[in-house]
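Listed below, chain by chain, are the residues.
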Amino acid sequence: MAAKKQVNKKSTAKPVKHKPGRYENVLFEFPNDDMQGTVLIRDREMVIELPEQGTLAPALVVGRLDGCLYRGSNSMRDDDALSITASWCDFGDAFAGIWIEEGNELLFKFRLPR
């Protein structure tokens, strides 16, 4: 009996539709630190805003929907702005992804308040 040929198909998964708006006091969990921030949801964008917290620099990442992932980079216009790129996936009631800050990769996750 001949083996079946596997066909790689592009994912047709669609992200969960969240209500557009501004979500305050969102807890972002990183391996070594947890941070409070804001999430803004627009049509095909999700904006993560993390204010300066102690020794941690602020970040403003505008993620644009690309398939089932949001992808973006730090758009802070400050001279001391960190080089940050991030991509994250929507798991319905939670989000998780990779945060690359100054070349260091970190896993992160967050949930929107109900």
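J.: Sorry, what's going on with the sheet that holds strand 5 (residues 69-73) here?
T.: Whether parallel or antiparallel, the strands of a sheet pair through hydrogen bonds between backbone atoms. Taken together, the eight strands give a closed barrel; going around it, the order is 1-2-3-4-5-6-7-8, and neighbouring strands pair in antiparallel fashion. Neighbour-to-neighbour, the strand axes of this sheet turn through a mean angle of 30°, independent of strand direction.

J.: Just checking my understanding: could you explain the nonpolar core for this structure?
T.: Generally speaking, soluble globular proteins have nonpolar side chains that are buried together. In terms of nonpolar packing, the biggest core is built from 22 residues, with F28, V39, I48, W88, W99, F108 and F110 touching the most fellow members. Among the secondary structure elements, those contributing two or more residues to this core are strand 1 (21-29), strand 2 (34-41), strand 3 (45-50), strand 4 (59-66), strand 6 (84-90), strand 7 (95-101) and strand 8 (104-110). Residue contacts for I48: discarding those within four places in its chain leaves F28, T38, A59, L60, V61, W88, W99, F108 and F110.

J.: Help me understand the side chain of H18, please; the structure alone is not making it clear to me.
T.: With respect to the helices and strands, H18 occurs in the segment before strand 1. Only 2.9 Å separates the side chain of H18 from the side chain of D90, close enough to count as a polar contact. Reaching out from H18, the side chain makes a polar contact with the backbone oxygen of G92 at a distance of 3.4 Å. Those residues in contact with H18 that lie beyond four places of it in its chain are I41, D90, G92, F95 and L112.

J.: Hey, could you run me through the environment of I48 in this one?
T.: Mapped onto the secondary structure, I48 falls in strand 3. Taking the C-alpha atoms as reference points, I48 and V62, separated by 14 residues in sequence, lie 6.5 Å from one another.

Conventions used here
- Residues numbered from 1 in each chain as written.
- Predicted model: local features only at pLDDT ≥ 70, side-chain atom pairs only at ≥ 80, totals over all residues.
- Heavy atoms only, no water.
- Pairing = 2+ DSSP bridges.
- Helix = DSSP H or I, 4+ residues; strand = E, 2+ residues; numbered from the N terminus.
- Axes fitted to C-alpha atoms, helices over the stretch in contact; angles between N-to-C directions.
- Core = buried A, V, L, I, M, F, W, Y, C linked by side-chain atoms within 4.5 Å.
- Buried < 20%, exposed > 50% of the residue type's maximum accessible area, 1.4 Å probe, protein only.
- Contact = heavy atoms within 4.5 Å.
- Polar contact = N/O pair within 3.5 Å; in protein donor to acceptor, adjacent residues only side chain to side chain.

Geometry only, nothing functional implied.
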